[in-house]
Structure formats: structure tokens, C-alpha cells
Amino acid sequence: MINPDLLALLTTLKMAVLTTVILLFIGTPLAWILAKTQSRFKVIIEAIIALPLVLPPTVLGFYLLIAFSPQYLPGQIWQQVTGKQLAFSFSAIVIGSVLYSMPFVVQPLQKAFEQLGDPLLEAGAMLGAGPMDRFFHIVLPITKASYITAASLGFAHTVGEFGIILMIGGNIPGETRVLSIALFDHVEAFDYAKAHVLAISLLAGSLLLLAAIYLLNRPHKRSINKVVNK
Amino acid sequence: MNLPSLITHSSLPLCVNVQLNYEQFTLAISQKFDLQGITGVFGHSGSGKSTLLRVIAGLEKQVSGNITLNNKVLADSHTKQFIKAEQRHIGLVFQDARLFPHLTVLANLQFAVKRCQHARLELNEIIQLTELDTLLDKHVDELSGGQKQRVALARAILTEPRLLLLDEPLSALDRQAKTRLLKLMATIQTELQIPMLYVSHSLDELQQVCDKLLVLAQGEVVGYGGIHEMIHQLNYLTTTSQTEEIIHQQTSLSLPIKHLDNGYGLTVLSLNDDEEIYLPVIAKQTTAQSLRCFILARDISISLMEPIHSSIVNHLLAKITTITTQKNMALVTALCTKHGEAQEFFVNISAFSQQKLALSVGQKIYLQFKAGAVRTYLY
């Protein structure tokens, strides 16, 4: 039988990778719209997206738990379509993570799109490039660093979440038992040795990931030389 | 070089009938163009010249009215038609070049080639024409302002546009780079025959390469016509309006070259068949048959007797047609006529001199100006 902590690691990685991919797909158009719109509703949407930054995870978890239960519409629809209960499932913790990590993906992308502005897109249009062409051949390569930042922050934040998963996922091995919850279990059982292993791995892993982001986002060598030469 | 001409018909009809309202600014233009050669668009900042280009390009969407190019509707707010910028086959060179910073020079050019459906132009020939051979592997941030604009120009041409729009492409360049790019624009025009609309706030630049000129002020058309005729009209506008005094009153000319070098370092142009105008030698060798030049009104003086005992080489007999006085200055217009041909000259003198010489309309006078007063940009 597989080591329960290793299983928790696999569940965590599966959740985090899936969440990050979903977030990049949802986050790109959302960040694009927020960067380009001048609508009055912009601030409201921005506030909603930023909410998980300040809200206790248990508050979001509590409302999601209610929404995911079979008594309420989202939970009912899910059960009718998939035949399974949504609350306390792997799907539930992925949906919860998507909402919870949303600001970490949308905000860097929105900032990058705002900084890019319209000039290069207009130049692309004048050379015959349509909207998708412009996105893949102008926007994406130029904002690559922001995409790496967004993906890494979204991933790391998802790995580290606890409260929301406990509320909507519980502690089902192989389904919703992720590393942070396994760690909590060990501490509750006074098994500090195992707790240390998990804690130090999470700490080292997060540190390495963040260091990698900062390394990748360092200004280009060529542009540094240019500044020095001036 | 043998480049295929991109335009088969002689002129490209463009009809602009648009209105655009911003908070502080309104553009209201109703003008028909027969685009051929280079058409200049002149106006002070805020006159709406760049906005006009953006409207034609399809980058301004909130426009009421209609635009047709070669009898094809580009936009019509009434029938809700709007062809997107990327489908208009119109090229635009921006003031700030707007090269893609993640690509090399060559990749910037290939970006255009890949999206061009006809691809009649050879990439290598355009690279040679725009003298980019040595810059192809460079990154955009390693280029000078002039080099950036040459890449932007080459990139725009490579889309093989039906119409090329140029939005102040020279404004950030030094004089040498300006001259080089102006020459290049003129060469591209003769080699490829792409009609161009060239926006600038510098009349000197426009005078050198444009065939026709559209003058805008406060979002409206002030005039449209042949380049020399329009520049001469602007001479009167500066005396009557109190606007910014950027326009130098001048005589704008295109004259046939008689001798490239008369042996004394002077080039001789011919005026009205047998009159001659001297200027410092323009180039050792040129294939040009005629020369575009201008003489500032303040560089010409008036003499009542023929100045034969003078070092000033140019003197012409002329008849005063108008005198406009403003403050202490007088703008005198005089006509040189010979063999049924006539050339108008504009002269600035002080009101004091005008009084002293007792000048009046219809009077015969001699215009005189040094060889160095005959100016040209391209050589």
C-alpha cells in the first residue's frame, strides 16, 4: 500500500496543476477584459476577484460548502450531471482552489496587459494580424514573464491552502487529503517527526519555486549592459 | 533594381466623410482624394491630422459617417459596416515605430511577410532598398531612431498595402536621419508606386516629397491642392491669423535642372524657359531632371534698379501683384512672367522699406537673392 503522505503529495500536485491550468484559461480573458474595459463595473469585479486576499478562507469555505451541498442549486446540478455529490470531492477542492487562488493569477496578468497597452497591438493589426494572431504572436511572447509569475504564484498558493479544503473537502485519503491537511493530522496525533518532514518539504519547495520566479523575472542581461553603458 | 509596381491603376480614389467627437476635440472632414504619389497632411498639433490617419486605418471605431477606398466601403456608420484594420490592406508607419521588442529586425520584417497574401515583393530587395542588410540580426532596442523608422517603413511596405499612411515618421529624428528617410520615401514612391498619405507638422519636409497637400486646422479641412499652390496659400494664412508662427512664408518651386555644376560650384536651374536660378551645387551626380526647392520670403530683397553691380547672383524682373502689411512687416507678392509662363514669388520686407521705395501694386521691380537662399532638403 502506498505511503499516506506520498498519496497526499500526489493529490496536492494533481489539485495544484489542474487548478493552475484552469486558472490560466479563465484568468487570461478575465485579466484582458479588466485591462481593456473602462466600464464602471470594473472596480466591483476587481474587488470580487481580490476578495480571497483578505477574507478568512473559512468564510469562503463555509459558503462554498453550502453551495456544493445537494440541497442547493449548484450542488444539485452537479449531482444530476455527474451522478456524484460535489461536496467532499476532489472536484470540490479544485473549484474552491480556483476561486481562492484567482487573484494570484489574474492580477499579474492584468498588470502585464495594462502595461503592454494598445500600441503594439495596433501595429500588429496594421500588418494584417487578427485578434488571436496578435495574442499568440505579440501579447504572449512579450508577457511571458508575467505568465510564469502568475502560474507559479497560483500553483504555490494552491499547494499551501488549508482552511478552504478542510471546509469543503474534508480529509479523504486519495481524494481530498492534501499535504497541509496531512501535516495538521500529524500534529494533532503528536507525531512531530512526520510533521517535520512534511513541513520542511513544503517550506523548501515553496522557497525554491519563489526563488525560481525571481530568477526568471530578473531584468535581461542585455538591458542591464545598456543602462550601464549610458 | 527591378521591383514590381504594386498599383496597376493610375490613382486611388479615397472618400472621407466622417465626424468624430472627443471631449475636447471634434474632427469633421468631408474630402475626396485622388491618391497618387505622396499626399501631405499638414496642421499644427491638435489639428486632427493623426486622428484622420487613424480613422482611415480603422483604428478609431467610434466614427460617424463613411469612408470608401477605390469605391469599396471601409466604414459606414449608417449601414453599420466596418472593415477591421487588419483587413483593410492599409499600411501605417507610426511616429514611434512600434517595432516588436521580442523580435529581431529580420523577424519584425518576416512578421509582415507571413501575413501578406500576395507576396509579390522580394524580402531581400526591400531589405536592400531600405539599407537594412547589416541590421537584420539586431534587437530592436539596439537601433537608433532613424534605423527604427527604416525598419518600420520596410515592415509596412512588405504587407504590400494599397495605401501607405505615415504618421510623423521623422519627428523624433535628427536632421541627417530625416534627410535619409525622406529620400527613401521618395525612392519607394517611384519604385513601388504605393500612394502615400504623409502627416507632418513640418512644412519643409512635406515640401520636399509631396505632390499634393491637405491642410487641417481644428479638425477641419482648410485647403487641399497642389503642393506649391497650397504652400503659397499658407503664406497668406500666416499674415491674417494670429496662430502659432511655425510656418515660414516662402516660395515653393519645382524647376528643371539646366547644369548640375557650372564650373564655379553652382547648380543652375531654369525658370520660365530662359531665366536662370543659381544655387550651391546639390550633388556630383544625380539622375533627377528637376529639383524641389524653396526660398524663404525673408531671404529675398527688392531693388528698383537691375542689380548688375552686385555679388548676389539671382535677380529676376517681376511685377507686384499684392502687398499685405501686418505690424512692421509687409508681404509682397510678385509675378515673374516670360513666354506666357508665370511664377509667383513671396517677399518679406519691413514696412519701413516698403514706404521708402514707395512700392505699389502693378509696379515693376527686381527680386534678388543669394545662391545660398535657394534651399533644398534632399541633396
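Values in this document were obtained by computation on a predicted structure and should not be read as measured data.

A. Focus on the overall build of chain B. The helix and strand inventory of chain B stands at eight helices and 21 strands. Computed over its C-alpha atoms, the radius of gyration of chain B comes to 23 Å, within 12% of the 21 Å expected for a compact globule of 379 residues. Reported as C-alpha extents along the three principal axes, the dimensions of chain B are approximately 65 × 50 × 40 Å. Looking at chain B as a whole, 53% of its 379 residues qualify as buried. Counted over contacts in chain B with a minimum sequence separation of 6, partners at least 24 positions apart contribute 68%. Summing over all exposed atoms, chain B offers an accessible surface of approximately 17400 Å²; the carbon and sulfur share of this is 47%. Computed over 33 positive and 34 negative side-chain charges, the separation of the two mean positions in chain B equals 3 Å.

B. Region of the structure containing the interface of chain A and chain B. In this complex, chain A contributes 20 residues to the contact, which on the side of chain B involves 22 residues. Overall, the association of chain A and chain B removes approximately 1900 Å² of surface from exposure, summing both partners, and the carbon and sulfur fraction of that is 63%. Taken together, the connections running from chain A to chain B amount to four salt bridges. Taking the shortest distance from any N to any O, the salt bridge between Glu86(B) and Arg134(A) comes out at 3.4 Å. Where chain A meets chain B, there are seven residue pairs in polar contact (both at pLDDT 80 or more). Those elements that provide at least two residues to the side of chain A that touches chain B are helix 6 (119–126), helix 7 (131–142) and helix 12 (221–229) of chain A. The residue inventory of the side of chain A that touches chain B, partitioned by class, reads eleven nonpolar, four polar and five charged.

C. Spatial organisation of the packing of aromatic side chains. Here the structure, examined in full by the defined rule, presents ten aromatic pairs over all chains. Ring centres of Trp32(A) and Phe113(A) lie 5.0 Å apart, and the angle between their planes is 65 degrees; on these two criteria the pair is classed as edge-to-face. Residue Trp32(A) is located in helix 1 (residues 4–36), and its partner Phe113(A) is located in helix 5 (residues 90–116); the two are separated by 81 residues in the primary sequence. Aromatic rings pair up to connect Trp32(A), Phe113(A), Phe135(A), Phe136(A) and Tyr147(A) into one cluster. Positioned above the aromatic ring of Phe90(A), the side-chain terminus of Lys14(A) is 4.5 Å from the ring centre. Across the ring face of Phe100(B), the terminal group of Arg155(B) is positioned such that the distance to the ring centre comes to 4.7 Å.

D. Broad picture of the sheet that holds strand 1 (residues 12–21) of chain B. All names here are of chain B. If you walk across this open sheet you meet the five strands as 2-1-4-5-6, and the pairing is antiparallel. Both edges of this open sheet fall to strand 2 (26–35) and strand 6 (81–82), since each of them pairs with a single strand only. In the sheet, strand 1 pairs with strand 2 via ten bridges, with the strands oriented antiparallel. Paired with asparagine 17 across the strands is serine 30, a residue of strand 2. With respect to the sheet, helix 1 (residues 49–57) is in contact with strand 1, strand 2, strand 4 (64–69) and strand 5 (72–76), its orientation differing from that of strand 1 by roughly 115 degrees.

E. Local environment of the sheet that holds strand 17 (residues 314–326) of chain B. Residues and elements named next belong to chain B. Pairing is antiparallel across the open sheet formed by five strands, whose spatial order is 16-20-17-18-19. Of all strands in the sheet, those with a lone pairing partner are strand 16 (301–303) and strand 19 (341–350), marking the two edges. In this sheet, neighbouring strand axes are inclined to one another by 45 degrees on average, regardless of whether the strands run parallel or antiparallel. In terms of strand pairing, strand 18 (residues 329–338) meets strand 19 through ten bridges, oriented antiparallel. For lysine 338, the partnering residue across the bridge sits in strand 19 and is glutamate 341.

F. Broad picture of the environment of Leu51(A). When you line up the elements, Leu51(A) lands in helix 2 (residues 42–54). A sequence separation of 32 residues divides Leu51(A) from Gly83(A), and the C-alpha atoms of the two residues are 32 Å apart.

G. The arrangement of the domain arrangement of chain B in detail. All names here are of chain B. Each assigned domain of chain B is listed with its residue range as follows: domain 1 (12–247) and domain 2 (251–375). On a C-alpha basis, the centres of domain 1 and domain 2 stand 33 Å from each other. The tally of links between domain 1 and domain 2 comes to one salt bridge. The interface formed by domain 1 and domain 2 includes eight residue pairs in polar contact (both at pLDDT 80 or more).

H. Up close: the pairing of strand 15 (residues 290–296) of chain B. All names here are of chain B. Most of strand 15 is tucked away: six of the seven residues are buried. Two strands pair when backbone bridges link them, and strand 12 (residues 250–259) and strand 15 are joined in this way by seven bridges, in the antiparallel orientation. Bridge assignment links serine 254 to a residue of strand 15, and that residue is arginine 292. As paired strands, strand 15 and strand 21 (residues 374–375) are joined by two bridges and run antiparallel to one another. Bridge pairing in strand 21 places isoleucine 295 opposite valine 374.

Cut-offs applied
- Residues numbered from 1 in each chain as written.
- Chains lettered and ligands numbered in written order.
- Predicted model: local features only at pLDDT ≥ 70, side-chain atom pairs only at ≥ 80, totals over all residues.
- Heavy atoms only, no water.
- Helix = DSSP H or I, 4+ residues; strand = E, 2+ residues; numbered from the N terminus.
- Rg over C-alpha atoms; globule rule 2.2 N^0.38 Å.
- Buried < 20%, exposed > 50% of the residue type's maximum accessible area, 1.4 Å probe, protein only.
- Contact = heavy atoms within 4.5 Å.
- Areas by Shrake-Rupley, 256 points an atom, 1.4 Å probe, with all protein chains shown as cover.
- Lys, Arg positive; Asp, Glu negative; His and termini not counted.
- Charge placed at Lys NZ, Arg CZ, Asp CG, Glu CD.
- Buried area = accessible area lost by both parts, 1.4 Å probe.
- Salt bridge = Lys/Arg side-chain N within 4 Å of Asp/Glu carboxyl O.
- Polar contact = N/O pair within 3.5 Å; in protein donor to acceptor, adjacent residues only side chain to side chain.
- Nonpolar A, V, L, I, M, F, W, Y, C, P; charged D, E, K, R; others polar.
- Phe/Tyr/Trp six-rings, centres within 6.5 Å; stacked < 30°, edge-to-face > 60°.
- Lys NZ or Arg CZ within 6 Å of the ring centre and 35° of its normal.
- Pairing = 2+ DSSP bridges.
- Axes fitted to C-alpha atoms, helices over the stretch in contact; angles between N-to-C directions.
- Domains from an automatic or database assignment.

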